[in-house]
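The lines below spell out each chain.
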Amino acid sequence: MQPAHVLIVDDDEVTRAKLTGYFEVAGYEVSEASDGKAMWQILDRDPIDLVLLDINLPGQDGLDITRELRRMSDIGIILVTGRTDEVDRIVGLELGADDYVTKPFNSRELLARVKNLIRRTTRMVAPDLPEYRFAGWTFERRTRR
């Protein structure tokens, strides 16, 4: 079984590097994006199990991305942001994020949240059927597209 693939989307290079190192040491495959455009390119190219997403991004913000991701898939989404306002937390969760973590965060706690969410979301995908075809459409269960 291959390791879960986590996509870290944050415009802060230091935050991306810290999270990438931590999750790689924990045995995850990790990709990084600094904005929504780079994130969509990675999602088109690679199967991703979970997205760690900052809200404050250049171009398309994290809340818009959350809305769009949720409309097209059940991929795990954890908003990791410096915004501590209760309204942002509620809006993020209402738009479809699975969790909301504020910076600064405890890396071990974030890892536990990621493990739990990946366990729940991968259980939803039937491992014996990689794709489902219907009405001229193909749904790839692994990539949730």
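Heads up: the structure comes first, above all this text.
What you see is a predicted model; the values in this text were computed from it and never measured.

Enquirer: Which residues make up the side chain of Asp 49, and what values go with them?
Expert: Assignment of secondary structure puts Asp 49 in the loop between helix 2 (36-45) and strand 3 (50-53). With a relative accessible area of 2%, Asp 49 lands in the buried category. A polar contact of 2.6 Å, which involves the side chain of Asp 49, links it to the backbone nitrogen of His 5.

Enquirer: Now, about the nonpolar core: what can you tell me, with residues and values included?
Expert: Counting 21 residues, the largest nonpolar core has Leu 7, Met 39 and Leu 69 as its most contacted members. For this core, the elements supplying multiple residues, two or more each, are strand 1 (5-9), helix 2, strand 3, helix 3 (62-72) and strand 4 (76-81). Ranked by the residues each element gives to this core, the list is headed by helix 2, at four residues. Ranked by size, the runner-up nonpolar core spans 18 residues in total, among them Ile 8, Phe 23, Val 80 and Ile 118.

Enquirer: Could you give me a rundown of helix 2, with the residues and numbers involved?
Expert: Here helix 2 has its buried residues at Gly 36, Met 39, Trp 40, Ile 42 and Leu 43. One side of helix 2 holds all its buried residues, which, seen down the axis, span an arc of 160°. Exposed positions of helix 2 whose direction lies more than 90 degrees from the buried face are Lys 37, Asp 44 and Arg 45.

Enquirer: Lay out the pairing of strand 7 (residues 137-140) in plain terms, naming residues and giving numbers.
Expert: Where strand 6 (residues 131-134) meets strand 7, four bridges bridge the pair, whose relative direction is antiparallel. Counted as the bridge partner of Tyr 132 is Phe 139 from strand 7.

Enquirer: Describe in detail the environment of Ile 78, supporting the description with residues and values.
Expert: Looking at where Ile 78 falls in the secondary structure, it is placed in strand 4. Taking relative accessible area as the criterion, Ile 78 reaches 0% and is therefore assigned buried. Spatially, the C-alpha atoms of Ile 78 and Leu 52 are 5.0 Å apart, while their sequence positions differ by 26 residues. Once residues within four sequence positions are removed from consideration, Ile 78 is found in contact with Leu 50, Val 51, Leu 52, Leu 53, Asp 99, Val 101, Leu 110, Arg 113, Val 114 and Leu 117.

Reading the values: rules and limits
- Residues numbered from 1 in each chain as written.
- Predicted model: local features only at pLDDT ≥ 70, side-chain atom pairs only at ≥ 80, totals over all residues.
- Heavy atoms only, no water.
- Helix = DSSP H or I, 4+ residues; strand = E, 2+ residues; numbered from the N terminus.
- Buried < 20%, exposed > 50% of the residue type's maximum accessible area, 1.4 Å probe, protein only.
- Polar contact = N/O pair within 3.5 Å; in protein donor to acceptor, adjacent residues only side chain to side chain.
- Core = buried A, V, L, I, M, F, W, Y, C linked by side-chain atoms within 4.5 Å.
- Arc of directions from axis to C-beta.
- Pairing = 2+ DSSP bridges.
- Contact = heavy atoms within 4.5 Å.

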